[in-house]
Amino acid sequence: MSDLHHALEPPTDGAAAVGRARAQRLLVTLLGDYWRAGHAPLPSGGLVAVLTEFDIAPANARATLSRLTQRGVLERTKEGRRTSYRLTESAAQILQRGGRRIFASTDESSWDGRWTLIAFTLPLDDANQRRLLRARLRWLTFSPLYDGTWVTPHDRFDEVREQLSELGVSDAVVLRATDLDLLPGGRARLEAAWRIDELAAGYQSFLERYRDLAWPAAAGEVSPAQALVRRTEMVNDWRALVGEDPDLPAMFLPASFPRAQARAMFLETSAALARPAQQRFEELVQTPDHAADGAKSRLK
């Protein structure tokens, strides 16, 4: 099965690894946000042209298509001499689920007091499955109490059972409860796992990075080329933030926690840029294969 989380993971080390990871994250974000027309395959030349908007060389863009195909995120089709790509069905489903959370407007003040807890065990020699499960639990807002015991203050009962089924994990218990008594050591362990100070710093940095984009976006003063690049980068950064955020109810957060402000700016700005960004994406994906290597748009 393809795993989108693997394609979106941070690089391990080295400038080349950082560049490869950035290109893959960008392309996944682009396809998740702008792929239309009944999910018809998109020509390779067009996808290369899209990535050149982000200063990714054509050769590296084509390597990105190949890597994501090898990972099972993309599937390749050929019609005569024309090569096209589309998201695999499993990758498309993961993006749809992720999009619902990324663009959700959450009421942080309401909480029914119920927790979802999962306890699981995995074979010690299956490091890949362990990594995948942990990544998906993080995305579902779970945090680790202990190595095989994770908890979230949200109703994730059906979602986590779906993820366990997809990964073939059967040795697990999932339950919903209001009576979760965190003794001092357990409470301290969970608060450390939540990393509230780090999250606050991340949201504050997001506000500072994109504050200069909010007003011109709302005023309709961002060109389609700029809208595609800035909106895609913003969605990428926001995905990384929410992927690490357990989305805690307000009662667990300091009053100054900047998530609500950052979310409001993200939703308003991404909505304002959606149409011109979509326009530019659709222009670029029509680029013929033979023209893609020479196409290079420069933002002013």
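Here's a quick rundown of the structure. (Residues numbered from 1 in each chain as written. Predicted model: local features only at pLDDT ≥ 70, side-chain atom pairs only at ≥ 80, totals over all residues. Heavy atoms only, no water.)

Within the protein chain, the secondary structure is distributed over 12 helices and seven strands. A buried classification covers 48% of the 300 residues belonging to the protein chain. Restricting to contacts in the protein chain with at least 6 residues of sequence separation, those with at least 24 account for 76%. (Helix = DSSP H or I, 4+ residues; strand = E, 2+ residues; numbered from the N terminus. Buried < 20%, exposed > 50% of the residue type's maximum accessible area, 1.4 Å probe, protein only. Contact = heavy atoms within 4.5 Å.)

As a further point, take the packing of aromatic side chains. If you walk through the whole model with that rule in mind, you get 12 aromatic pairs. Arranged with centres 5.0 Å apart and planes meeting at 50 degrees, the rings of Phe 206 and Tyr 210 form a pair that is tilted. Of the two residues, Phe 206 and Tyr 210 both sit in helix α9 (residues 196–218), four residues apart, roughly one turn of that helix. Taking the relative accessible area as the measure of exposure, Phe 206 reaches 4% and is therefore buried. Relative to Trp 238, the ring of Phe 206 lies with its centre 5.1 Å away and its plane at 55 degrees, an arrangement referred to as tilted. Here the residue Phe 206 occupies a position in helix α9, and Trp 238 occupies one in helix α10 (residues 224–244), the gap between them amounting to 32 residues. (Phe/Tyr/Trp six-rings, centres within 6.5 Å; stacked < 30°, edge-to-face > 60°.)

This brings us to the side chain of Thr 29. Note that Thr 29 resides in helix α2 (residues 15–34). A polar atom in the side chain of Thr 29 sits 2.6 Å from the side chain of Arg 239. Here Thr 29 is in contact with Thr 232, Val 235, Asn 236 and Arg 239, once residues within four sequence places are set aside. (Polar contact = N/O pair within 3.5 Å; in protein donor to acceptor, adjacent residues only side chain to side chain.)

Pairing of side chains with opposite charge becomes possible as their charged atoms draw close. Under the counting rule described, the total for this entry stands at 18 salt bridges. A salt bridge links Arg 97 to Glu 166; its shortest N-O distance comes to 3.6 Å. With a gap of 69 residues between them, Arg 97 in helix α5 (residues 89–102) and Glu 166 in helix α7 (residues 157–167) connect regions that are remote in the sequence. Three or more residues are tied together by salt bridges with common partners; here these are Arg 97, Arg 136, Glu 162 and Glu 166. (Salt bridge = Lys/Arg side-chain N within 4 Å of Asp/Glu carboxyl O.)

So, about the sheet that holds strand β4 (residues 115–120). Pairing is antiparallel across the open sheet formed by four strands, whose spatial order is β5-β6-β4-β7. Only two strands of the sheet have a single neighbouring strand rather than two, namely β5 (143–146) and β7 (172–177). When the angles between neighbouring strand axes are averaged without regard to direction, this sheet yields 25 degrees. By the bridge criterion, six bridges tie β4 to β7 in an arrangement that is antiparallel. Directly across from Trp 115, in β7, lies its bridge partner Ala 177. Its contacts with the sheet place α7 against β4 and β7, and it is angled at close to 175 degrees to β7. (Pairing = 2+ DSSP bridges. Axes fitted to C-alpha atoms, helices over the stretch in contact; angles between N-to-C directions.)

Looking at the element boundaries, Arg 101 is found in helix α5. Put simply, Arg 101 is tucked away with no salt bridge, and the nearest opposite charge, on Asp 247, sits 4.9 Å away. At 2.5 Å, the side chain of Arg 101 forms a polar contact with the backbone oxygen of Trp 139. With near-sequence residues (within four places) excluded, Arg 101 lies in contact with Arg 138, Trp 139, Thr 141, Val 242, Gly 243, Asp 245 and Asp 247. (Lys, Arg positive; Asp, Glu negative; His and termini not counted.)

Among the nonpolar cores identified, the biggest contains 64 residues, and Leu 87, Phe 206 and Trp 238 are the most heavily contacted of them. It is α9 that provides the largest number of residues to this core, a total of nine residues. By size, the runner-up hydrophobic cluster in this structure holds 14 residues, among which are Trp 150, Val 160, Val 169 and Val 174. (Core = buried A, V, L, I, M, F, W, Y, C linked by side-chain atoms within 4.5 Å.)

This part is about the packing of α10 against helix α11 (residues 259–284). The relative placement of two packed helices is expressed as an angle between their axes plus a distance between the axes. At a minimum axis distance of 7 Å, the contact between α10 and α11 shows a crossing angle of 135 degrees. When the axis of α10 is compared with that of α11, the two are oblique. Crossing angle aside, the handedness with which α10 passes α11 is left-handed. Considered class by class, the residues forming the contact of α10 with α11 number 15 nonpolar, three polar and four charged. (Parallel < 35°, antiparallel > 145°, perpendicular 65-115°, else oblique. Left-handed = near helix turned anticlockwise from the far one by under 90°. Nonpolar A, V, L, I, M, F, W, Y, C, P; charged D, E, K, R; others polar.)

Here the focus is the environment of Ala 272. For Ala 272, the location among the structural elements is in helix α11. As a C-alpha pair, Ala 272 and Trp 215 span 57 residues in sequence and 9.9 Å in three-dimensional space. Once residues lying within four places of it in the same chain are set aside, the contact partners of Ala 272 are Ala 217 and Ala 218.

Positioned with a positive phi, Thr 141 is a non-glycine residue whose angle comes to about 75 degrees. You can call Thr 141 buried: its relative accessible area is 0%. The backbone of Asp 247 sits at a positive phi, close to 55 degrees, despite the residue not being glycine. The residue Asp 247 is located in the loop between α10 and α11 in this model.

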